[in-house]
Amino acid sequence: MLSMLQGTPDRILVGCSVSAEYKARILHVDVCHESPSTYKNRSVTPHMVDSRLNRRRFIAVAGVVGIAGCSDADAPAADGGDDASDTGSGTDGADSTAADEEASDTDGRVLYVAPDGDDDSPGTEDQPFARIHTAVQHADPRDTVSVASGEYIDRIHIRDGGEPDAPITITGPTDAVVKPPERELSPLNIKASHVHLRGLSFDGLIDPDNPDDPNSYAELLISVSPPWDEDADGHDEYVEDIVVKPDELRHSAFNMIRVARTKNAELGEFKVTGLAGANWILPDRANHRGEIIYLGSPPIAPAIPDEFPGYPWNEYDQTRNIHIHHIDNSDAHPHSQLVDSKTGTRNVLIEYCTDAGGSQQGYEADRAAAIRFNGSNITLRWNRIENVRGDAVMITRRLIPDLTMDDLEGVDPGSDQAPDLDTPRIKWGQPETELERQMAKQNSVYGNVFAGYTHNALRFEHIEEDYQQGLEDRGITDPDLVTPADQERLCGNEIDGDTHASPTDPCDGDVPQTDDIGHLGGDSPWS
């Protein structure tokens, strides 16, 4: 096996313009659970391979330079761009912030929650609350909500968060399991900045006696975004300083984690112990919404706000400065993408994850991709991606379309029909702004293992014959295409089949190396 990459590449997640607060946000957790009885034989037999990421080590690594080398200052500010809080500082600032964070974990109050608690109690260790939501409503910046073992039927809705260097923290053991009260509600909704989740498990199987019924599953497990109602404070802003580190996630009708209009966030580590996408995987019907992590917002949403009342912003979602790491799907639970990074997202690092199988789509027209890049300056490194019913990685671009409701009559925007609408601004859309021209470019894919996929290790849709024919049919001449030449680096990967580009070429000497990949690599809690 070729020598893999380790340490700090010359361009990684944090450094040139990520806030000092964000550089300090690295801690972690663990564990395992049984899956529901059947997936109708749709999962792939896994090739088995399984945090405490040292905060100081991350700061030392992250302080070198920014993700994929593009600072927020370099990125276009159009369409809802950056503000002053994205301006970075050096590693000295990050170290002091880490110390502040350690103090913040101990200086605030501890509010206790237990299954036998009472919401009218004071929330002390001897007299705990019954609901996590109740404890969160009583929490102030720097406070910790400590959840005892047990099952909680709850909807945790956070609209008042912490403050810089004084987050509200929710913590608990793996066997503290949160389920939603009904299908339409996700058990955890973070709609404020400076909120840290460290621990607990989230289970969307509302009716465990009927695991083969898609109506037994909650639509979503964890949602992060600003308030989506127009009258709410912070409606036009981005939430920031978010940590989402559950011990386990299992069982959702659609996505597991959805992150929109967010900056400076850490997602992982956690273990996947049940399927995502039950709504279409179990009945074997057309759909594709089953991402483990859905990053950003669909580009079609701002064009047709009447159909997307939950996305009232008339602009691209520029979710940015995101660190995703140590996701363990070594048991190959079914899902669509491991990570789907939508148009507008940028500065994302995905590392040390294992997806041993189960990545699929609910229709043949649009094959699966375990990792999908629509954004820019995304780095994918040191991951193990296997047994995909499609491509290991797909890099393409989708733009805000010029649509009216008449164009969408009888069409579900989330279905496989939507990308094929005869309009110049979706699948074959051409960029008109600098932000659009940068999308799906300047990405890096290196040091990964891609095996067992049915199509390509790396797929560039724009260089395919069918795509080229679509441009010709629509009279689009001199198109702006996304090609391998537009990427920062594609090198040092191990593959066992077809591919676009040359992702196995040796990396330059300035790229560090490691033999440790997947969720057992790096400072893994499972190693």
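The structure this text deals with has already been given above.
Residues numbered from 1 in each chain as written. Predicted model: local features only at pLDDT ≥ 70, side-chain atom pairs only at ≥ 80, totals over all residues. Heavy atoms only, no water.

Some thoughts on the state of the cysteines
Here is step 1 of the chain: Under the defined criterion, the tally for this structure stands at one disulfide.
Here is step 2 of the chain: Put simply, Cys491 and Cys507 are joined by a disulfide, and their sulfur atoms are 2.0 Å apart. The sign of the 100 degrees torsion about the S-S bond sets the Cys491-Cys507 disulfide as right-handed. Taken together, the residues span a long stretch of sequence, with Cys491 in strand β27 (residues 489-491) and Cys507 in the segment after β28 (494-495) at a distance of 16 residues. (Disulfide = S-S within 2.5 Å. Helix = DSSP H or I, 4+ residues; strand = E, 2+ residues; numbered from the N terminus.)

Observations concerning unusual backbone geometry
Here is step 1 of the chain: With an omega of 10 degrees, the peptide bond between Gly268 and Glu269 qualifies as cis.
Here is step 2 of the chain: Note on placement: Glu269 falls in the loop between β12 (262-267) and β13 (270-272).
Here is step 3 of the chain: The backbone of Asn264 sits at a positive phi, close to 60 degrees, despite the residue not being glycine.
Here is step 4 of the chain: Residue placement: Asn264 occurs in strand β12.
Here is step 5 of the chain: For Asn264, a relative accessible area of 1% translates into the label buried.
Here is step 6 of the chain: Positive phi, normally seen in glycine, also occurs at Asn321, with a value near 60 degrees.
Here is step 7 of the chain: Within the secondary structure, Asn321 sits in strand β15 (residues 320-325). (Buried < 20%, exposed > 50% of the residue type's maximum accessible area, 1.4 Å probe, protein only.)

As for the environment of His455
Here is step 1 of the chain: Tracing the backbone through its elements, the reader meets His455 in the loop between β25 (449-451) and β26 (458-460).
Here is step 2 of the chain: Given a relative accessible area of 33%, His455 falls into the partly exposed group.
Here is step 3 of the chain: For the pair His455 and Arg367, spaced 88 residues apart in the sequence, the C-alpha separation amounts to 8.8 Å.
Here is step 4 of the chain: If sequence neighbours within four positions are ignored, His455 has contacts with Arg367, Gly390, Asp391 and Asp498.
Here is step 5 of the chain: For His455, the side chain forms a polar contact with the side chain of Thr454, separated by 2.8 Å. (Contact = heavy atoms within 4.5 Å. Polar contact = N/O pair within 3.5 Å; in protein donor to acceptor, adjacent residues only side chain to side chain.)

Some thoughts on the sheet that holds strand β4 (residues 156-158)
Here is step 1 of the chain: Ordered by their spatial adjacency, nine strands build an open sheet running β4-β6-β8-β11-β14-β17-β20-β23-β26, and the pairing between neighbours is parallel. Each edge of the open sheet carries a strand with a single partner, namely β4 and β26. Recorded for the sheet is a direction-independent mean angle of 20 degrees between the axes of neighbouring strands.
Here is step 2 of the chain: Bridge analysis of strand β6 (residues 188-190) against strand β8 (residues 222-224) gives three bridges, and the strand direction is parallel. The residue of β8 that forms the bridge with Ile190 is Val224. (Pairing = 2+ DSSP bridges. Axes fitted to C-alpha atoms, helices over the stretch in contact; angles between N-to-C directions.)

A few points about helix α7 (residues 465-473)
Here is step 1 of the chain: Among the residues of α7, those classed as buried are Tyr467, Gly470 and Leu471. Down the axis of α7, the buried side of the element spans an arc of 100 degrees, and every buried residue falls inside it. Exposed residues on α7 whose side chains face more than 90 degrees from its buried face are Glu465, Asp466, Glu472 and Asp473.
Here is step 2 of the chain: Positive phi appears at Gly475, one or two residues downstream of α7, with a value of about 70 degrees. (Arc of directions from axis to C-beta.)

Quick look at the nonpolar core
Here is step 1 of the chain: The biggest cluster of nonpolar side chains holds 67 residues, and the ones touching the most others in it are Ile132, Ile222 and Ile324.
Here is step 2 of the chain: Those residues in contact with Ile222, other than ones at most four positions away along the chain, are Leu188, Leu197, Phe202, Val244, Pro246, Leu249, Met256, Ile257 and Arg258.
Here is step 3 of the chain: Judged by nonpolar contacts, the second largest core, of nine residues, contains Ala253, Ala278, Trp280 and Leu282. (Core = buried A, V, L, I, M, F, W, Y, C linked by side-chain atoms within 4.5 Å.)

Side note on the pattern of salt bridges
Here is step 1 of the chain: Enumeration over the complete set of coordinates arrives at 19 salt bridges.
Here is step 2 of the chain: Residues Glu386 and Arg384 are paired through a salt bridge, measuring 3.7 Å at the closest nitrogen-oxygen approach. Taken as a pair, Glu386 and Arg384 share a single burial class, namely buried.
Here is step 3 of the chain: Members of the salt-bridge network, linked through shared partners, are Arg109, Asp140 and Asp143. (Salt bridge = Lys/Arg side-chain N within 4 Å of Asp/Glu carboxyl O.)

Focus: the pairing of strand β18 (residues 346-351)
Here is step 1 of the chain: Taking burial as the measure, the six residues of β18 include six buried ones, the bulk of the element.
Here is step 2 of the chain: By the bridge criterion, five bridges tie β15 to β18 in an arrangement that is parallel. From the neighbouring strand, Ile324 faces β18, where its bridge partner is Ile350.
Here is step 3 of the chain: Bridge analysis of β18 against strand β21 (residues 376-381) gives five bridges, and the strand direction is parallel. Looking at the pairing, Leu349 lines up with Thr379 of β21.

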